[in-house]
Amino acid sequence: MVHNQGNPATGGVWRMPGGEVLKVARPAWLPPLHPVTWPTSDDPAHWNYWQREALAYRTGFAASVYADAGIVPPSLLRTADRPDGEIELWLAFADGMPGFSWPVARIAAFARQLGQAQAGWAGRVPAEPWLSRHWLAQYLSAGPADSVFLSPASPWRHPLWPSDALDRLRSAWIARPSLVARCDAVPRTLCHLDVWPNNLISSGGTSVLLDWAFCGDGGIGEDPANLIVDSFTDGLMDPSLLPELSEAVMDSYVEGLRDGGWTGSGDDVRRWIMLFGVTKYSWFAPALLGRMSRDGDLGQKTYGQDTSGDSAMVRLRGLITMLGEWAAAVR
């Protein structure tokens, strides 16, 4: 099955003849099977600790932490340890509507479930030693930074993108250490940290949430920020839906926090969502501009949705504009 082969923590995912899904967790000490985009580690504190998802399933953690709000992982059928250290996770196939087929109203309903679930963990993130901590800072230093081919002193410009948005994102990229510090000061909760439509399946009123490899301490608003932005980065969702989806996710997440008993400011939550979105994705525009200047094409890097680099730039104009507006709002 399709998965991120650049993350060597996953040794493979297969739909088996009996209908189950076999996912293999691959130890950091084994040689990678594919070119590595995201490094793994044997350190439980590492942002990409190879065994985190297996522990989340094996301990029942993933199955319980959001269940009261209607969010669950695929059911764990059994696990097995291989002689080389790999771990087999045998999961029930989650049959339902995949996230990129959801209408905006269903995405908003999930955002409300997520808010309700995370309200219950506000200020009391579990103490399991294998949960991620300071995930965003580690991710930014170990992953996307390597994709930014333009130096901070270079002009960030493209005729199909608004210059004011690019200037704001350039400033955000330079200021990312201070932005990360501000993110760390946001009230904490238990986050999934990889929420996007490819990790969502609708099964009745239940939201099945896949890929628990990053779960841990995060800020209120961090997951919905990722859901908004990453719905549109790869060309798998109609870009015209961005304004509606962004507003619906923000409003519904705040409503979910209220459902879960959280009494803080809704305006603060919206600012935190923008802050996390800008901080995590300030690299996105310069990475694409650098790739354009280096390769002259983006089509092969975007799930085959774009016929050329310019078509990708047109598709992403709204997203870059929104991120620029968010950067201005939280500067």
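Residues numbered from 1 in each chain as written. Predicted model: local features only at pLDDT ≥ 70, side-chain atom pairs only at ≥ 80, totals over all residues. Heavy atoms only, no water.

Considerations on the pairing of strand β8 (residues 200-203)
Here is the key point about a regular strand: its side chains alternate between the two faces of the sheet.
Stage number 1. As paired elements, strand β6 (residues 97-98) and β8 share 2 bridges and run antiparallel to each other. Within β8, the residue paired with Pro98 across the bridge is Ile201.
Stage number 2. Note: β8 against strand β9 (residues 206-209), 4 bridges, orientation antiparallel. Paired with Ser203 across the two strands is Thr206, which belongs to β9.
Stage number 3. Here β8 hands over to β9 after 2 residues, with Gly204 in that stretch at a positive phi of 70°. (Pairing = 2+ DSSP bridges. Helix = DSSP H or I, 4+ residues; strand = E, 2+ residues; numbered from the N terminus.)

Some details on the side chain of Glu86
Stage number 1. For Glu86, the location among the structural elements is in the loop between β4 (76-81) and β5 (87-91).
Stage number 2. Here Arg26 takes part through its side chain, which lies 2.7 Å from a polar atom of the side chain of Glu86.
Stage number 3. Look past the residues within four positions of Glu86 in its chain and what remains in contact with it is Val24, Ala25, Arg26, Pro27, Leu30, Ala80 and Asp81. (Polar contact = N/O pair within 3.5 Å; in protein donor to acceptor, adjacent residues only side chain to side chain. Contact = heavy atoms within 4.5 Å.)

Section: the sheet that holds strand β2 (residues 21-25)
Across a sheet, strands are paired by hydrogen bonds formed along the backbone, either parallel or antiparallel in direction.
Stage number 1. Pairing is antiparallel in the open sheet, where 4 strands are placed in the order β1-β2-β5-β4. What marks the edges here is a single partner per strand, and that holds for β1 (10-15) and β4. Between one strand axis and the next, the sheet turns by 15° as a mean value, whatever way the strands run.
Stage number 2. Sheet analysis places β2 next to β5, joined by 5 bridges and oriented antiparallel. Residue pairing across strands places Leu22 opposite Trp90, the latter belonging to β5. (Axes fitted to C-alpha atoms, helices over the stretch in contact; angles between N-to-C directions.)

Here we look at the pattern of salt bridges
Stage number 1. Within this structure, the stated rule accounts for 14 salt bridges.
Stage number 2. The shortest N-O distance in the salt bridge between Glu86 and Arg26 comes to 2.7 Å. With Glu86 in the loop between β4 and β5 and Arg26 in the loop between β2 and α1 (52-58), the pair connects residues that are 60 residues apart, well separated along the chain. Each member of the pair Glu86 and Arg26 is classed as buried.
Stage number 3. Where Asp217 meets Arg188, a salt bridge forms, and the shortest distance between an N and an O atom there is 3.1 Å. Here Asp217, found in strand β10 (residues 216-219), pairs with Arg188, found in strand β7 (residues 188-191); they are 29 residues apart in sequence, far enough to count as distant.
Stage number 4. By relative accessible area, which is 15% here, Asp217 ends up buried.
Stage number 5. In the salt-bridge network here, residues are joined through shared partners; they are Arg26, Arg82, Glu86 and Glu88. (Salt bridge = Lys/Arg side-chain N within 4 Å of Asp/Glu carboxyl O. Buried < 20%, exposed > 50% of the residue type's maximum accessible area, 1.4 Å probe, protein only.)

Looking at the sheet that holds β9
Stage number 1. The sheet built from 4 strands is open, its strands ordered β3-β9-β8-β6 with mixed pairing. Sheet topology places β3 (71-72) and β6 at the edges, where each strand pairs with a single neighbour.
Stage number 2. Most of the contacts of helix α3 (residues 104-119) go to β9, to which it runs at about 80°, and overall it touches β3, β8 and β9.

As for the environment of Glu128
Stage number 1. Relative to the helices and strands, Glu128 is located in the loop between α3 and α4 (135-142).
Stage number 2. Glu128 sits in the partly exposed class, given a relative accessible area of 28%.
Stage number 3. Distance in space between the C-alpha atoms of Glu128 and Leu55 is 10.0 Å, their sequence separation being 73 residues.
Stage number 4. Those residues in contact with Glu128 that sit more than four places away from it in its chain are Phe61 and Arg133.

What about the packing of helix α6 (residues 176-184) against helix α9 (residues 266-281)?
Stage number 1. Between α6 and α9, the shortest axis-to-axis distance is 10 Å and the interhelical angle comes to 140°. Our classification of the angle between α6 and α9 gives oblique. Crossing hand, α6 versus α9: left-handed. Where α6 approaches α9, its residues Leu179, Val180, Arg182 and Cys183 are matched on the opposing element by Leu275, Phe276, Val278 and Thr279.
Stage number 2. Here the contact of α6 with α9 is composed, by residue class, of 6 nonpolar, 1 polar and 1 charged. (Parallel < 35°, antiparallel > 145°, perpendicular 65-115°, else oblique. Left-handed = near helix turned anticlockwise from the far one by under 90°. Nonpolar A, V, L, I, M, F, W, Y, C, P; charged D, E, K, R; others polar.)

Here we look at unusual backbone geometry
Stage number 1. Despite not being glycine, Leu193 has its phi angle at roughly 75°, a positive value.
Stage number 2. Relative to the elements of secondary structure, Leu193 occurs in the loop between β7 and β8.

This is a description of form; function is not addressed.
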